[in-house]
Amino acid sequence: MPQITSALATGTTAPPTSPAPALKRRSRTTGERLQTVLFIASLGWLALLLVLMFVSMATPWLDPFQQDFGATKQAPGFAHPFGTDANGRDVLARTVAGAQNSFTVAAITLVVGAVTGSVIGIVCGYFRGWFDSVVGLALDTLMAFPALMLIILLVSFRGPSLWTIGGAIGLLMIPSFARVTRSITLSVRSREYVQAAVLIDTPTPRILLTAVLPAVAPVLVAYAFTAVTVGIVAEGSMSFLGYGLAAPAPSWGGIIAEGRTALAQAPWITLAPAATLTITVLAINVIGERFKEKRK
Amino acid sequence: MNKILKKAALGAAAASLVLALGACGTTTIAASGQIGAAGEPKDGGTITFGLDRDVATLDPAKSAITSQPTLAVANALFDPLMAYGPDGSVEPYLAKSFEAMDATQTKWLLKLHDGVKFTDGSPLNAAAVVSYMEHLAKKETACSCRGDVLKISKSEAVNETDVEFTLAAPNAAFPKGFTRQMGYIASTTAKDAFGFPIGSGPYQVKDYKSGDAITMARNENYWGKKAHADTIVFKSLPDTDSRYQSLVSGAADIIWTESASQFNQAELDGMDRSTATTGTSLGVFNSRTAPFDNPAARKAVSMAIDPGALLKVVNEGTGVVAAGPITSTSSYEATAKAPGHDTKEAARIAASLPTPLSFEYLTDGRPQSQARAVAIQQMLAEVGITMTIKATDLSQFGAALVSGNFQMVDFTTSLFGDTENAFTSMYPSDGLANFSGYKNATVDTLVAESKAEPDAAKRGLLYNQIAERGFQDVPFTFYTENLDGFILDPKRIGGVADVSSWSLVSIRPSDFWSPAS
Amino acid sequence: MVRRAGRALCVLFLVALATMSLPLLLPGSAAVAVLGTNVSAAELAAFTSMHHLDANPLERLWMWVTGVLHGDLGTSIVSGASVAGELQARLPITVELVVLSQLLAILLAIPVALRAAWRPGSLLDRLSAGLSFVLLSIPGFVLGLALIFLFAVQLRILPATGWVGFAQDPVGHVQHLILPVLTLSLGEAAVYLRALRANAGEILVENYIHAARSRGMAPGRILRTRVLRSASLPLVTIVGINIGASFGGALIVETLFAIPGIGRLLSSSIAVRDYPVIESLAIIAALAVVVATVAVDLSYRIIDPRISHAANN
Amino acid sequence: MSLALTAPAIPVHAVPAVSVQELSLGFESNGKMTHVLEGVSFELAQGECLAIVGESGSGKSVLGRTILGVGSQPNSEHSQGAVLLSGDDQLTASAQERRSRAGTRVAMIYQDPMTSLNPTVRIWKQVIESISNRRRLSRREGRAKAVEMLRAVGVPDPERRIDAYPHEFSGGMMQRVGIAAAIAGNPDVLIADEPTTALDVTVQRKVLDLLDRIRRDSGMSMILITHDLGLLTGRADRTMVLYAGRVLEIGPTERITTAPAHPYTQRLLAAIPNVSGTLRRELPALDGGLPPLDRPRTGCPFASRCEIAMPQCHTERPPAVQLAPDHIAHCWAAADPAEGTAP
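These figures come from a predicted structure and were not determined experimentally.

Draft legend 1. How the structure looks around the interface of chain D and chain C. On the chain C side, the residues contacting the 28 residues of chain D number 21 residues. Here chain D and chain C share two salt bridges between them. In this structure, Glu129(D) and Arg215(C) form a salt bridge, with 2.7 Å as the shortest nitrogen-oxygen distance. Viewed at the interface, chain C and chain D are joined by 13 residue pairs in polar contact (both at pLDDT 80 or more). At the level of elements, helix H1 (60-68), strand S6 (106-109), helix H3 (113-116) and helix H5 (129-132) of chain D are the ones that each hand at least two residues to the side of chain D that touches chain C. For the side of chain D that touches chain C, the element with the highest residue contribution is H5(D), accounting for three residues. In terms of residue class, the side of chain D that touches chain C is built from eleven nonpolar, twelve polar and five charged.

This is the structure in structure tokens:
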């Protein structure tokens, strides 16, 4: 899964849009209007998913596990808007429950990758010394270890749970987050006002909270959007390859893989989650972009 | 041969009709039902065969080419001593004959054809067979057949073509063991350019690319009837759907598949299929530990499961419901009847258990196993039994199976294709495939009796008695006999055997021919 | 540089040690995979110790290193084939696939990104930004499925699966390459395009670009000789990471298109716990990552002389 | 002295080197119009040096870049007037025409040599760009030319230093390299946009002297854009004061620095402690800011900050008042000196 690191690498280096050139040739108003429409549509899409997830969790509707052995591979219709799969389960319900699992994995990914990574990065960047070197070496080792192997190993070792998968993807993101936060911390640390604060014996936690964290946070948030999409796609890819959640737990990649066999007879089994996955990632990207622009 | 006809024939004869059927089927080995392109076979051309896995080695002593999906590779390079006839009876193939020398079934005489040669020209004679058996018995060879080989206490070449085997214990079905791994005699001295031992088969290896393809060229010095196609390419296409797409897009002419939806799709796409119900899926209870050390718990689970629904959902209606250890294609008739699906009774038994039944169901990661587990989960939930699913990769699955580290396991095997082997390995307390840990003294005695019984009809009666015991004690619960086999494009390949009545799908690539050539 | 080399060696050692510990850590057994389920526990144990799977990791590492020094990467437990031979067959395939798709991605990204940056807000700029945004959001396996469905199953103009050696059939080789390379490269092209577009945009407003124009330099030449070089720093990093990581395999594409590459070898080896293969693969993959990192570092110095200047001082 | 700089005496043309006529520029951004220049007119004779003085935001850099004619160019919808380079209009010329003039007919020296030299390109390649962009130079030819140019601008040991990267030079040396690059194409007009602002005080004078010498030796015309009136004495023939995109005063440098007519110029001069001596880095901060540029203005742009503003200063555009043959001030007070008193 080299994409994990590569996508994150771009997250840092690629500001979303070009800096406004000194002289502008044309009005961007139509483009801006389009962006706003996209932004609202993206929010709406995520809101819709959230509502459906709530329905699935809190009400008896949209049960992703209920099998109707009498209605397998039914085409989309009134009873089943996205049709049913080979086990007679409602594809919409599975897709919604898949969203739930994807978001959970993405959240765990963020917690493990972003939180651990940035804590490591801040501590290393602030205190330097042997700890920095040792952690740096450990991170290099983590990056050199084949990602695929790490994921398969963790899944074989701990069983394919949400936590294992989210943790494995998060683990692979730690180096990227640690590097970014470390370099920001380093530069903050060398600023005069921080140096002065150190000289007058300001408590370290206070410096970290008041000087370092505010510098790191906005970058982290911008990064987090990328990390969420990377997490969702990585989970989908792993489930697709069979290293994801175990049956019957629904996951987008898993449903796509299950439906692939019946692509010619029952394309809806594959299409519904594939489209949902793509649109969701697109929506998060759009929102993340908006955020990055606003920040500038 | 038509399956329904065969069933009728079986029903007409009171006991087992193995011999009679064998007699009517022997004449038509080559001509019997063939699938694919119509017309007279042509020589020449290339056939591309899509395998469902990477073939790590072409050494028949390893298991890579001796499981059903890859047996065609073994059949191209090697000749098995024994082979199944179209009716399921075991017949000599590389052997000229293979018969018991005494009534106790412990001494057997193998006679080879004259003048059979390995592809390097060296003779495949009695000494070569004995040497190969010694090779298989070695620990370093790491053959999974070693357990069976060690049951031969002595093998001796009496002359150029005859080998005498002495067994440690009587075994009426001994020659049958030579239809698969043990029977593919490879040279113990000569290797091909890729480091694999050579054989005497209709093809020889021209190119071997690990994980990609094995290219074979016709063996022009073959001792028997020469193959039609000049070249056969076995491609590794492990991804089920990619494999089917390869067939549809013309990158493969024939593929192996176990996917029910592909069998259905094949008809829509104008493809032919040659399939058999050789794999049996069953649930194995671990009867050594709780909760399934209690036969009532096993019974409750067994009765709650509706194999008919599994067939419909998992197999999409292909294959048949597994009635028990004697399969629908077995030469023995099944008279013992399983208790069958009964939700009310299952719920009653489950409710009568001291504690609510809750357990973990182990599956390998294959989609069919997953789908089955999910369906079973719901069936059990309906009678108040809680089941969680644990999916592992194949190596963990195997390790768990051997070590008994499971509660109930989803097991799909071709073991039942060989009725004798199934009864001797799955039911007795020392059986190598008795993963359940099933112990029943009566069954042990019956199995021992069956091994020494030369008469097939009487053996059949013994098997039904064992099966009856099994249905009472429920160490396993049978689900379905699954359809698997080949899908092929009739425009591009002919001469594929109709395997529908076979108990072991082992087709010979030497029969394939290419209409295009 | 000496420190870097030392660090690289440390990383390699740690990765090697970690992989050598796998037989002790991982559930599941190679013995069952090889011997099947019809064997006794004693036989399984004997098999395990015969292959030193129960030895301590340092000891295994030592055996591996001495083997390598004699030009021997060991033999597969499952097939008995030499690991070196296996790698020789598989590695070039993955590397070709990855290098070609990286090249294609770069070749697609560079001209579009530079032209788009030259005229911010132009049709090309907005189109390429939108398209790359969408491509970025399509997971690779979905894209691969769609490409197979369209080009192989519906249109039947390209093979769905498989791999043909170049020597064997050059035309077939290329035909089999197209879909997997597209699958791999389209997403990456989007990543590269965005990175390059953003950086080129920043560089184009630099004074030295204006200065070059004040000396009559043509736009194409500015983009090619001035902007590209400076803007490619982050690109080099990502490409380096990608190529380094590719030695760990491109499993999704290899699986979808039945390509006998490293990824599939690794995943199938892990499935049957074929440790000699796993270990050599892991160490080679780590070596590739380490080498790629150093290469990125070196090319940084070539691209931007200020970096080596700073490093030397 | 090198060949390039001892150029033959330039024949005197009737056509001025640069002629800017009623130039108005506006930029539109987010639907808002910004008027950067309004009705700017002046002429630059062959061999003459004109200083353009103004604080940041006065439009002096935009004016310089418009004359240069490359980089982002204003949309024709929002530009009026003409910018003639020896008679050829830059505003109506195609991008290609403008590009062909850049470097050979008009060249530019930038404020900060650190940012105007490409850090990733060896300096010899940058120095000869004006030539190499037009015809293929062999490596040898190019390097020889670079050595010659560097020597001409006083870079010591040029044979060795042509292979260096910009960051290996000191600021003053780097600016010399920048100057070498600008004059390599032997342009008719040299625009120096604050050429010494980014430099250490100690080297500022040396760089200005160099520019002065080059101009005199080669006969180039030069526009010296600066915010520092103190630099001009003895270097610029004439000085033009720009404020908020409008010309407030233009005249011989002598007169501007000794007898400024416009209140703004007077304020500028007053803020310099020692007119002839001290060099200042920043233009003195005047109270109040520039008037908003995003709406059309009436009256004098300086009116709101002017101490002697009269009612018509806010409402009517001040007239061009001819104070001497070539000294013009745009000011109501100058038109009627009795109304206001210069401080």
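Here the narrative resumes.
Draft legend 2. Inspection of the nonpolar core at higher detail. If you look at the biggest cluster of nonpolar residues, it comprises 127 residues, and the most contacted ones within it are Met149(A), Ile232(A) and Ile256(A). Per-element accounting of this core gives the leading share, 15 residues, to helix H8 (residues 204-241) of chain A. Those residues within four positions of Ile232(A) in sequence are excluded, and the remaining contacts are Ser102(A), Phe103(A), Ala106(A), Trp252(A), Leu277(A), Val281(A) and Ile284(A). Core analysis: the second largest hydrophobic core is formed by 74 residues, Leu71(B), Leu124(B), Ala497(B) and Val505(B) among them.

Draft legend 3. Expanded view of the side chain of Thr196(D). Relative to the helices and strands, Thr196(D) is located in the loop between strand S7 (189-193) and helix H9 (201-218). Every residue in contact with Thr196(D), bar those within four places of it in the chain, is listed here: Gln204(D), Val207(D), Leu208(D) and Leu231(D).

Draft legend 4. View of a nonpolar patch on the surface. Together, Val111(A), Val115(A) and Val119(A) line one region of the surface with nonpolar side chains, adding up to about 250 Å² of accessible area. Position of Val111(A) among the secondary structure elements: in helix H3 (residues 91-127).

Draft legend 5. Main features of a positive patch on the surface. Together, Arg115(C), Arg119(C), Arg221(C), Arg224(C) and Arg136(D) make up a region of like positive charge exposed at the surface. Among the structural elements, Arg119(C) can be located in the loop between helix H6 (83-118) and helix H7 (123-137).

Draft legend 6. Inspection of the interface of chain C and chain A at higher detail. Chain C puts 53 residues into the contact, and the matching count from chain A is 49 residues. Summed over the three residues of chain C that lose the most area to chain A, namely Arg7(C), Phe133(C) and Phe141(C), the buried surface amounts to 13% of that side. Linking chain C with chain A are two salt bridges, by the criterion used here. Notably, a salt bridge pairs Asp140(A) with Arg7(C), separated by 3.0 Å at the nearest N-O pair. Of the residues forming the side of chain C that touches chain A, the biggest block, nine residues, is contributed by helix H9 (residues 170-204) of chain C. Tallied by class, the residues present in the side of chain C that touches chain A amount to 35 nonpolar, ten polar and eight charged.

Parameters and conventions
- Residues numbered from 1 in each chain as written.
- Chains lettered and ligands numbered in written order.
- Predicted model: local features only at pLDDT ≥ 70, side-chain atom pairs only at ≥ 80, totals over all residues.
- Heavy atoms only, no water.
- Contact = heavy atoms within 4.5 Å.
- Salt bridge = Lys/Arg side-chain N within 4 Å of Asp/Glu carboxyl O.
- Polar contact = N/O pair within 3.5 Å; in protein donor to acceptor, adjacent residues only side chain to side chain.
- Helix = DSSP H or I, 4+ residues; strand = E, 2+ residues; numbered from the N terminus.
- Nonpolar A, V, L, I, M, F, W, Y, C, P; charged D, E, K, R; others polar.
- Core = buried A, V, L, I, M, F, W, Y, C linked by side-chain atoms within 4.5 Å.
- Buried < 20%, exposed > 50% of the residue type's maximum accessible area, 1.4 Å probe, protein only.
- Patch = residues over 30% accessible without salt bridge, like charges linked within 9 Å, V, L, I, M, F, W, Y side chains within 5 Å.
- Areas by Shrake-Rupley, 256 points an atom, 1.4 Å probe, with all protein chains shown as cover.
- Lys, Arg positive; Asp, Glu negative; His and termini not counted.
- Charge placed at Lys NZ, Arg CZ, Asp CG, Glu CD.
- Buried area = accessible area lost by both parts, 1.4 Å probe.

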